[in-house]
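# Structure at a glance
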Amino acid sequence: MTHQMISIAAPGGTAEAYLTRPDDAGGPLPGVLFLIDAIGLRPRTTEMADRIASWGYVVLAPNLFYRNGTAADLEPTVDLTEPDARTAFFAEAMPRVHGLTDDLATDDLSVYLDTLRGLDGVSDGDVGATGYCMGGRLALLAAATRSDVVGAIGMFHTGGLVTDTPSSPHLRLPQVRADILAIHADEDHSLPPESVAAFEHALTSSGVTHSASVFGGAHHGYTMSDTAVFHPEATERHFEDLRALFTRRLS
């Protein structure tokens, strides 16, 4: 793999981003925007981005929290495989998650997508996006606000998809052109069964091409091997289904 950190002129300042692609790629490749979880841009997320790129994509993973500091500044200094340490870290991290409002994120996402599509070696076709935890909501936001370029999104252990507010993510589905893959966790308190059902109803009624399922025994954050909630089987299922989605829609 060939990878590097690049700088992006974003609406709120300079955002660093991890860029990765296969060494032996022949010709332009489709682009994929990798949207991190609340923990941030760190070795686990760059490792995941590398794996996706190895399938034949150029993957861009921005530090979504650039307004709060660099990826190194924000990287956890505690062992998140310890449940108490993970809980304490999230108490610190959630204010910056809530600070990344839809208004701010919409402009950021558009810049990230345009940057990705403008890179050498990226094809002119649709871009994919894959998002984790809060990144899943941002993938949906990107698909709704930049339907001109986003053709496929993955959403994994994504909470807060159905709320009683006018800005609820599920209300954006009628604006989405992309195919959607969503794999929820049945032990995810941020997306209880009634919300899973409501989101499925919204997907179906909006006519979005989609695959949505719930993985049994998995918790919020199941793809993150550097935390206490890592679920290897659910993680491999997410990679398999995401690869199939991108092959079908982007390649």
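As a reminder, the structure under discussion sits directly above these lines.
Quick caveat, the model's predicted, so the values are computed rather than measured.

What counts, and where the lines are drawn
One numbering rule holds for all chains: residues counted from 1, following each sequence as written. With pLDDT at 70 or above as the cut-off, local features in this predicted model cover only qualifying residues; side-chain atom pairs require 80 or more to be listed or tallied, and sums for whole chains, interfaces and linings still use all residues. Hydrogen atoms and water are omitted, and side-chain values are computed over all heavy atoms in the structure. A run of H or I in DSSP becomes a helix once it reaches four residues, and a run of E becomes a strand once it reaches two; helices and strands are each numbered from the N terminus. Expected helix span is given by 1.5 Å per residue-to-residue step, counting one fewer step than there are residues. What is called the bend at a residue is the angle between a pair of axes, fitted to the seven residues leading up to and ending at it and to the seven starting from it. Note on classification: 1.4 Å probe, protein chains only; a residue is buried when its accessible area is under 20% of the maximum for its type, exposed when over 50%, partly exposed between these limits. Whether two residues are in contact is decided by their heavy atoms: any pair within 4.5 Å suffices. By convention a nonpolar core is built from buried Ala, Val, Leu, Ile, Met, Phe, Trp, Tyr and Cys residues, the set being connected through side-chain atoms within 4.5 Å. Each polar contact in these results corresponds to two N or O atoms within 3.5 Å; when the atoms are within protein, one needs to be able to donate a hydrogen and the other to accept it, and residues that are neighboring in sequence are counted only if both atoms are side-chain atoms. Whenever a carboxyl oxygen of Asp or Glu lies within 4 Å of a side-chain nitrogen of Lys or Arg, that contact is scored as a salt bridge. What counts as an axis is a line fitted to C-alpha atoms, over the stretch in contact for a helix, and the angles between N-to-C directions run from 0 to 180 degrees. Oblique is the label for any angle not covered by the other classes, which are roughly parallel (under 35 degrees), roughly antiparallel (over 145) and roughly perpendicular (65 to 115). By convention, the crossing between two helices is left-handed when the near helix turns anticlockwise from the far helix through less than a right angle, and right-handed when the turn is clockwise. Under the scheme applied here, ten amino acids are nonpolar (Ala, Val, Leu, Ile, Met, Phe, Trp, Tyr, Cys and Pro), four are charged (Asp, Glu, Lys and Arg), and all others, including Gly, are polar.

Residues spaced three or four apart along an α-helix face the same direction, because each turn holds 3.6 residues. Here helix 3 (residues 83–99) spans 25 Å end to end across 17 residues, near enough to the 24 Å set by a 1.5 Å rise per residue. The largest bend in helix 3 comes to about 35°, at alanine 93, with the proline proline 95 one to four residues further on. Listing the buried residues of helix 3 in full gives Ala85, Arg86, Phe89, Phe90, Ala93, Arg96 and Val97. Summarising the contacts, the buried residues of helix 3 are in contact with helix 2 (71–74) and helix 5 (134–145).

This part covers the nonpolar core. In this structure, Ile52 and Ile153 are the most contacted members of the largest nonpolar core, which totals 86 residues. No other element matches the eight residues that helix 5 contributes to this core. Those residues in contact with isoleucine 52 that lie beyond four places of it in its chain are Val32, Phe34, Tyr57, Val59, Thr130, Tyr132, Phe239, Leu242 and Phe246.

With that settled, consider the environment of aspartate 114. Among the secondary structure elements, aspartate 114 is positioned in helix 4 (residues 102–117). Its relative accessible area of 42% is what places aspartate 114 among the partly exposed residues. At 3.1 Å, the side chain of aspartate 114 and the side chain of arginine 146 are in polar contact.

With the rule as written, the count across this model stands at 13 salt bridges. For the salt bridge of aspartate 179 with arginine 249, the shortest nitrogen-to-oxygen distance reads 3.5 Å. Residue aspartate 179 is found in strand 7 (residues 179–187), and its partner arginine 249 is found in helix 7 (residues 232–249); the two are separated by 70 residues along the sequence. Overall, the relative accessible area of 24% leaves arginine 249 in the partly exposed class. One connected set of salt bridges, linked through shared partners, spans Asp126, Arg177, Asp179, Arg248 and Arg249.

Moving on to the packing of helix 1 (residues 43–53) against helix 7. The N-to-C vectors of helix 1 and helix 7 enclose an angle of 40°; their axes lie 11 Å apart at closest approach. Comparing the axis directions of helix 1 and helix 7 gives the class oblique. The crossing of helix 1 and helix 7 is right-handed. On helix 7, the residues touching Arg44, Met48, Arg51 and Ile52 of helix 1 are Thr235, Glu236, His238, Phe239, Leu242 and Phe246. Looking at the contact of helix 1 with helix 7 residue by residue, the classes come out as five nonpolar, two polar and three charged.

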